[in-house]
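# Survey of secondary and tertiary structure
Each chain is listed here by its residues.
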Amino acid sequence: MHSGSARLPVFVGLLMGASLIGVCRGQGQEAPQNGGDFSQQLQPTKKLPTDVILVKGAWASASDSVTPVPEGGKVTGNVYDNPYFGLDYTLSPDWIRKYDGPPPSDSGYYVLAQIQPASTFKGPQRGSLLIAAEDLFFSPTRATSALELINFTRRNLQADYTVTRAPTQVRFAGHSFVRFDYVSPVAGLHWHVLATQIRCHLVQFVFTSRDTKLLESLIQDTNKMKLPDEAGLTAGMGGGAAPVCIRNYASDEHLVRKVDPILTDRRFNPVPVRIIIDTDGRVKHIHFLSAFPDQSKGITEALLQWRFKPYLRDGQPVEVETGIMFGRVPRPTPPPATATASTVKG
C-alpha cells in the first residue's frame, strides 16, 4: 500500500536517494539448505517479471481523463508543461526529464518532474532540478501558505545542513516567490529552493549542485517561465480559467445534500480527494490522490449525489475546488509558527 502521510514536505524531494538494506548473518549460524528466508537455493524456480507492479495498492485516479490533474505535466521537446498549474517551463539546453516521479502521496506531495543534464551536457559540474508540489489542503503541517511551509522546512532542517539564505521573498517571471538556500558542508552540495502558491498548492523548484554559479544561472532562467496570473505568495487561490480553491468548503454550511459512501472492505488508509463543484452545485470532477480501487468506486458513487449551494463571486456563480479527507485522518504535526520573510528583488 502506498503511504506518505508521515512524509515531510520538501525533504522527500530534496534528499531523494537509494537506501541499501543489508542482512548480517552470524558466523556460527548455518543457512537453511532447502528453502526459507536465508536458503542457499538462490535461483528461483520461476523468474519474476520486471518493470511491473505485482500488487497495486492505493493509487491516484480521476473521474475523467479530460480535466487536468497536478501529476499530469509532461516534457515535450525541452518544455515542461503542466496544464493544471498553468505552468510552462523551458528547460536549460542539454537538460532532460529522465525519470517519471512516484504517484502522489496520501499527504498531498507530488514529484512533478525530475530534470537533469543529458549526456551531451558540457558543464564542469552537474546538477539537478526537482519540480514538486504540496497540497495545502492535506499537508500534515497544517500550513496555509507557501511561506509557512518553507519556514516549516527551515525549522526542521537537520543539523548536518547549514542555511545560507533564510526564506526571502523574491520576484521571478513577474510573480512573487520565497527563496531558501542551504548546503551540506560534508557533501559539498547546495540546494536553492524557489516556491510559490498556485491553486492552493505549494509549487517549488529545487536546484541541487556543487556549483553555485550553475545554480544561480538556473535560477535566473526561471524568469522565462510562464505562470497563471493568480500565482504568488499572497494569492494562489485559483480563479480566472481555474476554479476558486477553498479549504473545507464541503461543510454543512454549503452542502444541500450529502450521501455517505458505502465501503465494503475495512481499510485504515487516508483517502484524500479533491473535487470540482460546478456553477449548479454539482460535483463535476473527482481526483483521488491515493485510494484503493474499491474506495474510489464507493466514494465516487456517493460524491456524484452531493449537492452544494452555488458559490457566488461578484454576484455570479463560479466553480469551486476543495478537498475532502475520507478514511483515517493522518495525525497532524504541530502547527507552523508565524511565517515571516525578508523581501528582496530576485
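Whatever comes next refers back to the structure up there.
To keep things clear, this report deals only with the structure shown in the data block. Source: prediction; values computed, not measured.

### A look at the side chain of Asp135
- Inspection of the secondary structure puts Asp135 in strand β7 (residues 127-135).
- For Asp135, a relative accessible area of 0% puts it in the buried group.
- A distance of 2.8 Å separates a polar side-chain atom of Asp135 from the backbone nitrogen of Phe137.
- Reaching out from Asp135, the side chain makes a polar contact with the side chain of Arg274 at a distance of 2.8 Å.
- Contacts of Asp135, omitting those with residues within four sequence positions, involve Ser107, Gly108, Cys200, His201, Arg274 and Leu289.

### Topic: the sheet that holds strand β15 (residues 270-277)
- Spatial strand order, β1-β16-β15-β20-β13-β12: six strands in an open sheet with mixed pairing. Two strands close off the open sheet at either side, each with one partner strand: β1 (59-62) and β12 (238-239).
- Across eight bridges, the pairing between β15 and strand β20 (residues 320-327) is antiparallel. Within β20, the position partnered with Val273 by the bridge is Ile324.
- Where helix α4 (residues 293-303) meets the sheet, its contacts fall on β1, β15, β16 (283-291) and β20, and the angle it forms with β16 comes to roughly 155°.

### Here we look at the pattern of salt bridges
- Applying the stated criterion across every chain, the model contains 11 salt bridges.
- Among the salt bridges present, the one from Arg274 reaches Asp135, with a minimum N-O distance of 2.8 Å. One end of the pair, Arg274, is in strand β15; the other, Asp135, is in strand β7, with 139 residues separating them in the sequence. Comparing Arg274 with Asp135 shows no difference in burial state: the two are buried.

Thresholds, definitions, all that
Residues numbered from 1 in each chain as written. Predicted model: local features only at pLDDT ≥ 70, side-chain atom pairs only at ≥ 80, totals over all residues. Heavy atoms only, no water. Helix = DSSP H or I, 4+ residues; strand = E, 2+ residues; numbered from the N terminus. Buried < 20%, exposed > 50% of the residue type's maximum accessible area, 1.4 Å probe, protein only. Polar contact = N/O pair within 3.5 Å; in protein donor to acceptor, adjacent residues only side chain to side chain. Contact = heavy atoms within 4.5 Å. Pairing = 2+ DSSP bridges. Axes fitted to C-alpha atoms, helices over the stretch in contact; angles between N-to-C directions. Salt bridge = Lys/Arg side-chain N within 4 Å of Asp/Glu carboxyl O.

Function cannot be read off these values alone, since they describe shape.
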